[in-house]
Amino acid sequence: MAAQLQCAFGSFRGTGAAITIAGEKVGFKPRYIKLLKQDGATSAVLEWQEGMGDAKGIKDDDVVAEVTANGITPTSTGFTLGTDAFNADGKAIFYTCLA
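Here the structure is a predicted model, which means the values were calculated and not measured. (Residues numbered from 1 in each chain as written. Predicted model: local features only at pLDDT ≥ 70, side-chain atom pairs only at ≥ 80, totals over all residues. Heavy atoms only, no water.)

Novice: I tried to follow the sheet that holds strand 4 (residues 42-49) on my own but got confused; where do I start?
Specialist: One open sheet accounts for eight strands, arranged 1-8-3-4-5-6-7-2; its pairing is antiparallel. Pairing within the sheet leaves two strands with one partner each, and these edge strands are strand 1 (7-13) and strand 2 (19-21). Within this sheet the neighbouring strands show an average axis-to-axis angle of 25 degrees, counted without direction. Here seven bridges tie strand 3 (residues 32-39) to strand 8 (residues 92-98), and the two strands are oriented antiparallel to one another. Bridge pairing links Ile33 to Cys97 in strand 8. (Pairing = 2+ DSSP bridges. Helix = DSSP H or I, 4+ residues; strand = E, 2+ residues; numbered from the N terminus. Axes fitted to C-alpha atoms, helices over the stretch in contact; angles between N-to-C directions.)

Laid out in structure tokens, this is it:
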């Protein structure tokens, strides 16, 4: 029998400080995480996938760049977003987690 796909999605507000989205909001260890930040008329994306390592990601905010610190770290029931500039205080961030 094939493994069942797990999916969770939702939103939160950036804090500028590390923030953990876990427990009932996700409920599993993600293998792929995509964050979309809405900032007025512009948006940015930060993605992490299994094998990238903790606190990393690929960010696209008009320029694609690797995040090598303070990015996304998966947890057993969700993820932590570090203090990268993507995590701007008060900005709406939407997430999708897959496993």
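Novice: Looking at this model, I keep getting lost on the environment of Gly14. Mind explaining?
Specialist: By the secondary structure assignment, Gly14 is in the loop between strand 1 and strand 2. Linking Gly14 and Thr73, residues 59 residues apart in sequence, is a C-alpha distance of 16 Å.

Novice: What should I look at first to understand the nonpolar core in this one?
Specialist: Proteins that are soluble and globular tend to have nonpolar side chains buried together. In terms of nonpolar packing, the biggest core is built from 19 residues, with Leu35, Phe79 and Leu81 touching the most fellow members. Counting only elements with at least two residues in this core, the list comes to strand 1, strand 2, strand 3, strand 4, strand 6 (64-75), strand 7 (78-81) and strand 8. In contact with Phe79, not counting residues within four places along its chain, are Phe12, Ile19, Thr20, Ile21, Val26, Ile33, Leu35, Ile72, Thr73, Pro74, Tyr95 and Cys97. (Core = buried A, V, L, I, M, F, W, Y, C linked by side-chain atoms within 4.5 Å. Buried < 20%, exposed > 50% of the residue type's maximum accessible area, 1.4 Å probe, protein only. Contact = heavy atoms within 4.5 Å.)

Novice: Just to check I follow, could you spell out the side chain of Asp84 for this structure?
Specialist: On the secondary structure map, Asp84 appears in the loop between strand 7 and strand 8. With a relative accessible area of 13%, Asp84 lands in the buried category.

Novice: I would appreciate a short explanation of the environment of Gly27 in the present structure.
Specialist: Structurally, the position occupied by Gly27 is in the loop between strand 2 and strand 3. Along the sequence, Gly27 and Arg13 sit 14 residues apart, while their C-alpha atoms lie 19 Å from each other.

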